[in-house]
Amino acid sequence: MKGHEHHANAHSGHEMMHAPAATAQDDYRRAYDATQPDPGGRVVTVELEAREASWPLGDGRQFAAWAFNGQVPGPTLEARVGDVLEVRLTNRLPEPTTIHWHGLQLPAPMDGTDIVQRTVAPGETYTYRFRASDAGTFWYHSHTNETVQMERGLYGALVVRGDEGLVFDGEQVLVFDDLKLDARGWLARFGGFVQGHDGREGDVRLINGKVEPHLAIAAGQVERWRLVNASSARYVRFALGGASFRIVASDVGLLEAPREAREVLLAPGERVDLAIGPFAEGQALPIESLAYWRMTVKRRKTEPFGTLRVGPVRPSSAVIPDRLRSIAPLAAPDAAPSRTIRFGARFSLRHGLVFVVNGQRHYQDHPVRVGELQVWEIVNETNMDHPFHLHGFAFQVLSVNGKPRAWKSWEDVVNLPPRSRTRIAWIPDDRPGRWMYHCHILEHHASGMMGHFDVIR
Ligand code: C2O
Ligand code: CU
């Protein structure tokens, strides 16, 4: 604890990084800077058109998608740390839309939710402009009527490259999704109790918009696979037929060290980067999601998402260091929480089953102050899992049910197991405005499992 604290509300005992009172001129400069590339950076200009498209699933079927530039997923956007992305979104859908840049640390007005901008009406164009601040695997998706718009295909991957010091022989982005079609092959009806409770899951399992595709890798090579779970509700417990791989990154960039694994759980919204291989020529490995029961009405067994075929040998020059980066802990695993957030469910006469935060739908939470350490204890009072997502800021997971995590990472989604307490830490940097957190099961979010809060100076 510091000897002298000049802030009236210095209750956290944490050293304040609070800037001196900003002038209007400072604000103006900061807002301008956030739209300019770093020295040496570029402005990456992208046109995205959200429109109806008949999307071929690769198995002879097509479905009535809503898609960015007519493709599911939308184009993979790429930038380097320090670049500015300038994305012109034109809405050709029959209803309003917005784009949320999931995992990016951008100014509040660029967050793409309808609390920070007017939704983009049919026929309108809106330009997002922000700097890519961290290397990692991110994604973008509609943040308006998401239960429908994301199910119909309005999502895509966003890769930000930096000097990470790893060398791979190749790279693939794998965006996972599932689609619920009816017996005629049309989009199944939206709504109903099971969909409201479980979230919408379907039996058409997609990687990059195709049904159970075949992917290829050369024998002897090591590839970087960037996995994104874009499903509305499905938990992808990724495995490669029991083969081992290394997890090198999570939501917001590299881990401290690679983690050897034979499976990895991706809740909706989550990403991991894996080092895949080397394998022997001729192998065929199932890309699957292992059984995961999250107390849903419908139980999921182990299900295939695709197949990896290993082709002829090619030389490898892959280098994956034992140490990837260091991540300074923001707080001790048992740091006292500065607030508690309760994810719950209840029955209401008006709405039936509703998912809530602190007992309320669309909870209005207290503001947080720039520079003040946040230690949030997130209590899951329900018997189901919920993926907690914080917009705009990365956090560290301190502990789950009092148990510290065995590794350190930066996340923007953490899965809350049933009846659990998860403690996270983060520090709001100087990006004041309106932000939110929510369950990334889209039907739960829509039902009200979310909180709004302001970042204030
Ligand atoms: Cu990907 Cu509000 O979320
Ligand atoms: Cu939920």
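Residues numbered from 1 in each chain as written. Chains lettered and ligands numbered in written order. Predicted model: local features only at pLDDT ≥ 70, side-chain atom pairs only at ≥ 80, totals over all residues. Heavy atoms only, no water.

### Structural notes on the pattern of salt bridges
- This structure, assessed with the given rule, holds 37 salt bridges.
- Across the salt bridge formed by Glu151 and Arg200, the nearest N and O atoms sit 2.8 Å from each other. Of the two residues, Glu151 sits in the loop between α2 (146–149) and β8 (155–161) while Arg200 sits in the loop between α3 (193–198) and β10 (204–207), which places them 49 residues apart along the sequence.
- Among the residues examined, Glu151 registers a relative accessible area of 1% and is labelled buried.
- Looking at Arg200, the relative accessible area reads 0%, which means it is buried.
- With its nearest N and O atoms 3.0 Å apart, the salt bridge here joins Arg226 to Glu171. (Salt bridge = Lys/Arg side-chain N within 4 Å of Asp/Glu carboxyl O. Helix = DSSP H or I, 4+ residues; strand = E, 2+ residues; numbered from the N terminus. Buried < 20%, exposed > 50% of the residue type's maximum accessible area, 1.4 Å probe, protein only.)

### A closer look at the nonpolar core
- Grouped together as the largest cluster of nonpolar side chains are 60 residues, with contacts concentrated most on Trp101, Phe343, Trp376, Phe388 and Tyr437.
- With 4 residues, the single largest contributor to this core is strand β1 (residues 43–56).
- Dropping the residues within four chain positions of it, Phe388 is found in contact with Phe343, Trp376, Ile378, Phe395, Asp412, Val413, Val414, Leu416, Ile424, Tyr437 and His438.
- In terms of nonpolar packing, the next biggest core, distinct from the first, is built from 27 residues, Ile207, Ala219, Phe238 and Ala261 among them. (Core = buried A, V, L, I, M, F, W, Y, C linked by side-chain atoms within 4.5 Å. Contact = heavy atoms within 4.5 Å.)

### As for the coordination of the copper ion (ligand 2)
- Taken together, His386 (ND1), Cys439 (SG) and His444 (ND1) make up the full set of protein donors to the copper ion (ligand 2), lying 2.0 to 2.1 Å away.
- Written as a sequence motif, the donor residues of the copper ion (ligand 2) are H-x52-C-x4-H. The pair formed by Cys439 and His444 is uniform in burial state, with each residue classed as buried. (Donors = N, O, S within 2.8 Å, 3.2 Å for Na, K, Ca; no water.)

### Focus: the packing of aromatic side chains
- Overall, the coordinates contain 19 aromatic pairs when judged by the stated rule.
- Ring plane angle 50 degrees and centroid distance 5.1 Å describe the contact between Trp101 and Phe130, whose orientation is recorded as tilted. Note that Trp101 is positioned in strand β5 (residues 99–102) and Phe130 in strand β6 (residues 125–131), a separation of 29 residues in sequence. For the pair formed by Trp101 and Phe130, the shared burial category is buried.
- Taken together, Phe343, Trp376, Phe388, Phe393, Phe395, Trp426, Trp435, Tyr437 and Phe453 form an aromatic cluster joined through their ring pairs.
- Cation over ring: Arg299 sits above Trp293, and NZ or CZ is 3.7 Å from the ring centre. (Phe/Tyr/Trp six-rings, centres within 6.5 Å; stacked < 30°, edge-to-face > 60°. Lys NZ or Arg CZ within 6 Å of the ring centre and 35° of its normal.)

### Notes on a nonpolar patch on the surface
- On the surface, a cluster of nonpolar side chains totalling about 430 Å² of accessible area is made up of Phe193, Val194, Val297 and Phe347.
- Relative to the helices and strands, Phe347 resides in strand β21 (residues 339–348).
- Taking relative accessible area as the criterion, Phe347 reaches 64% and is therefore assigned exposed. (Patch = residues over 30% accessible without salt bridge, like charges linked within 9 Å, V, L, I, M, F, W, Y side chains within 5 Å. Areas by Shrake-Rupley, 256 points an atom, 1.4 Å probe, with all protein chains shown as cover.)

### Considerations on the domain arrangement of the chain
- Considered domain by domain, the chain is made up of domain 1 (4–161), domain 2 (170–313) and domain 3 (339–456).
- When each unit is reduced to the centre of its C-alpha atoms, the spacing between domain 1 and domain 2 is 24 Å.
- Contacts between the two partners involve 30 residues from domain 1, matched on the other side by 29 residues from domain 2.
- When the two sides are added together, the surface that domain 1 and domain 2 hide from each other amounts to roughly 2,300 Å², 60% of it contributed by carbon and sulfur.
- The largest contributions to the domain 1 side of the interface with domain 2 come from Leu57, Thr137 and Glu151, which together make up 31% of the buried area.
- The interface formed by domain 1 and domain 2 contains 2 salt bridges.
- For Glu171, the salt bridge is made with Arg161, and the minimal N-O distance between the two is 2.9 Å.
- If you look at where domain 1 meets domain 2, you find 12 residue pairs in polar contact (both at pLDDT 80 or more).
- Counted by class, the side of domain 1 that touches domain 2 contains 15 nonpolar, 9 polar and 6 charged residues. (Domains from an automatic or database assignment. Buried area = accessible area lost by both parts, 1.4 Å probe. Polar contact = N/O pair within 3.5 Å; in protein donor to acceptor, adjacent residues only side chain to side chain. Nonpolar A, V, L, I, M, F, W, Y, C, P; charged D, E, K, R; others polar.)

### As for the sheet that holds strand β20 (residues 303–313)
- The strand order across the open sheet formed by 5 strands is β12-β20-β19-β14-β17, and the pairing between neighbours is mixed. Looking along the sheet, the strands with just one partner apiece sit at the ends: β12 (214–219) and β17 (263–266). Across the sheet, the axes of successive neighbouring strands diverge by a mean angle of 25 degrees, strand direction being ignored.
- With 6 bridges connecting them, strand β19 (residues 284–289) and β20 associate as antiparallel partners. Looking at β20, one finds that Leu285 is bridged to Leu308. (Pairing = 2+ DSSP bridges. Axes fitted to C-alpha atoms, helices over the stretch in contact; angles between N-to-C directions.)

### Quick word on the sheet that holds β8
- Taken together, 4 strands build an open sheet; the order of strands is β3-β8-β7-β5 and the sheet is mixed. The open sheet has two free edges, formed respectively by β3 (74–80) and β5, since each of these has just one partner strand. Direction aside, the axes of adjacent strands within the sheet are offset by 20 degrees on average.
- Across 6 bridges, strand β7 (residues 136–142) lies against β8 in antiparallel orientation. Directly across from Gly136, in β8, lies its bridge partner Val160.

### Here we look at the side chain of Arg294
- By the secondary structure assignment, Arg294 is in the loop between β19 and β20.
- Here the side chain of Arg294 touches Glu201 through a polar contact of 2.8 Å, side chain to side chain.
- In this structure, Arg294 is in contact with Asp198, Glu201, Ala233, Tyr235, Met384, Asp385 and Ile441, ignoring residues within four places of it in sequence.

### Overview of the pairing of strand β18 (residues 271–276)
- Most of β18 is tucked away: 6 of the 6 residues are buried.
- Across the two faces of β18 the burial is the same, with Arg271, Asp273 and Ala275 and Val272, Leu274 and Ile276 all buried.
- Bridge count for strand β13 (residues 223–229) against β18 is 6 bridges, and the pairing is antiparallel. Bridge pairing in β18 places Glu223 opposite Ile276.

### Some remarks on the side chain of Glu256
- Mapped onto the elements of the fold, Glu256 is located in strand β16 (residues 253–261).
- For Glu256, a relative accessible area of 14% gives the class buried.
- Of the polar contacts made by the side chain of Glu256, one reaches the backbone nitrogen of Ile327; its length is 2.8 Å.
- Residue contacts for Glu256: discarding those within four places in its chain leaves Asp322, Arg323, Leu324, Arg325, Ser326, Ile327 and Lys408.

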